[in-house]
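# Understanding the architecture of this molecule
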Amino acid sequence: MALYIGVMSGTSLDGLDIALIEQHEQPRLLATHYIPMPADLRQALLALCASGPDEIARAALAENRWATLAAEGINHLLGKQGLQADAIRAIGSHGQTIRHEPARGFTVQIGNPALLAELTGICVVGDFRRRDVAAGGQGAPLVPAFHEALFGHIGQRLAVLNVGGFSNLSLIEQDQPVHGFDCGPGNVLMDAWIERKRGQVYDAGGSWAASGTPQADLLNSLLSDPFFAGSGPKSTGREVFNLPWLDGHLAQLPQYRDEDVQATLLELTARSIVDSLRQAQQGTEALLVCGGGARNAALMARLGTLLPAAQVASTAAHGVDPDWVEGMAFAWLAHCCLDGIPANRPSVTAAKGLRILGAIYPA
């Protein structure tokens, strides 16, 4: 039995999730801490998702700030729990993805794990994705193996859906290898659209989307993107789905009310998830949702309508807070690395085989 900390900062760039787990036969969540992303750091990280001047220096400065922020959060969490650094076996740090292009053979997450180890006095495991990409895989999603460890005992024909900036599915069936893939945009386009039009960083509860009406011709145009036609393994990111991509579709169609565009983007998220699920897993009995999308009441209701034969619920229905599943996952991935346990799944990423993921930065 050992204690691990996971740090997750997703494509939504809303903040850092820090989860403390106890790893025994199954991971158990003990405590959490959330740090909102400072607005200037968020903008700096967003800018690094596209080419620009002086990228190397800007990336180095941004990752130092990210690591410092993560260290402050970890030390705060330890203080609240009355724990010393030597009580923690390792920190699993996802870092911040700024580029993800496995078709070109690379994925980039920044977060300076060496500095994080220095600032916390705790061993850090980072850089989880690149080994899978080096083995010919997508490098994403990495959470299906963890979802299987956490929920595989349920025994149903199960799908676990993570909706962050992007959405991904883990398909779990008895006596079958876990499968999984990215479905497409989760919150990323809805967040970007509401920020542009209303100055808000996200659509709380999906209320703005619920006030609009999905537009069929816009939805069909968006769904015509080649990404949606492919089956897994597949992954995606801001390189594909972003505001310029949306603007390109809008420019070819009539002008819509802003709230109707938001409603259509929510429908795009729901439809891309459900279409992918129907293609990959027949007769899904339960869909467990985690990530920020689990808090979007309009999205959850739409998923339930589109999947009438399945139980659609947040992971809280099985005792795991949906906000902390990914933070727990990277704590678990640190455990796997240190114990020599392969944590990718070729059935998910199409890597050439099982690989031990992560690079170790001793305290």
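Residues numbered from 1 in each chain as written. Predicted model: local features only at pLDDT ≥ 70, side-chain atom pairs only at ≥ 80, totals over all residues. Heavy atoms only, no water.

## Things to note about the overall build of the protein chain
- A tally of regular secondary structure across the protein chain gives 14 helices and 12 strands.
- Compactness check: the protein chain gives a C-alpha radius of gyration of 19 Å against a globular reference of 21 Å for 363 residues, within 12% of the reference.
- Projecting the C-alpha coordinates of the protein chain onto the three principal axes gives extents of approximately 60 × 50 × 40 Å.
- Here the protein chain, with 363 residues, has 56% of them falling under the buried criterion.
- Here the contacts in the protein chain between residues at least 6 apart in sequence split such that 69% fall between residues at least 24 apart.
- Total accessible area computed for the protein chain in this model is approximately 14,600 Å², and 51% of it derives from carbon and sulfur atoms. (Helix = DSSP H or I, 4+ residues; strand = E, 2+ residues; numbered from the N terminus. Rg over C-alpha atoms; globule rule 2.2 N^0.38 Å. Buried < 20%, exposed > 50% of the residue type's maximum accessible area, 1.4 Å probe, protein only. Contact = heavy atoms within 4.5 Å. Areas by Shrake-Rupley, 256 points an atom, 1.4 Å probe, with all protein chains shown as cover.)

## Let's talk about the UniProt feature "binding site: ATP" (unreviewed entry) in the protein chain
- In the numbering used here, UniProt assigns the feature "binding site: ATP" (unreviewed entry) to Gly10, Thr11, Ser12, Leu13, Asp14, Gly15, Leu16 and Asp17.
- Leave out the neighbours within four places in its chain, and Thr11 touches Gln96, Gly165, Phe166 and Arg238.
- Relative to the helices and strands, Asp17 is located in strand 2 (residues 15–23).
- Apart from the residues lying within four places of it in its own chain, the contact partners of Asp17 are Gly6, Val7, Met8, His33, Tyr34, Asp323 and Trp324. (UniProt positions renumbered as here; feature names shortened; annotations may be inferred.)

## Details of the nonpolar core
- If you look at the biggest cluster of nonpolar residues, it comprises 46 residues, and the most contacted ones within it are Leu169, Leu246 and Leu287.
- In terms of residue count, the dominant contributor to this core is helix 11 (residues 258–280) (eight residues).
- Once residues lying within four places of it in the same chain are set aside, the contact partners of Leu169 are Pro144, Ala159, Val160, Leu161, His179, Gly180, Phe181, Cys183, Ile273, Ser276, Leu277 and Leu287. (Core = buried A, V, L, I, M, F, W, Y, C linked by side-chain atoms within 4.5 Å.)

## What about helix 3 (residues 113–120)?
- If you check which residues of helix 3 are buried, you get Pro113, Leu116, Ala117 and Thr120. Projected down its long axis, helix 3 shows its buried positions confined to an angular sector of 100 degrees, all on one face.
- The secondary structure elements touched by the buried residues of helix 3 are helix 2 (55–81), strand 4 (90–101), strand 6 (124–126) and strand 12 (359–361).
- Positive phi appears at Gly121, one or two residues downstream of helix 3, with a value of about 70 degrees. (Arc of directions from axis to C-beta.)

## What to know about the sheet that holds strand 7 (residues 158–163)
- Spatially, 9-8-7-10-11 is the arrangement adopted by the five strands of the open sheet, whose pairing is mixed. On the outer flanks of this sheet lie strand 9 (179–185) and strand 11 (311–314), each paired with one strand and no other. Taken over all neighbouring pairs, the strand axes of this sheet differ in orientation by 20 degrees on average, direction set aside.
- Sheet analysis places strand 7 next to strand 10 (residues 286–290), joined by five bridges and oriented parallel. Note that in strand 10 the partner of Leu161 across the bridge is Val289.
- Set on the sheet, helix 11 makes contact with strand 7, strand 8 (166–172), strand 9 and strand 10; between it and strand 9 the angle comes to about 155 degrees.
- Where helix 12 (residues 297–306) meets the sheet, its contacts fall on strand 7, strand 10 and strand 11, and the angle it forms with strand 11 comes to roughly 160 degrees. (Pairing = 2+ DSSP bridges. Axes fitted to C-alpha atoms, helices over the stretch in contact; angles between N-to-C directions.)

## So, the side chain of Ser272
- Within the secondary structure, Ser272 sits in helix 11.
- Those residues in contact with Ser272, other than ones at most four positions away along the chain, are Cys183, Pro185 and Phe228.

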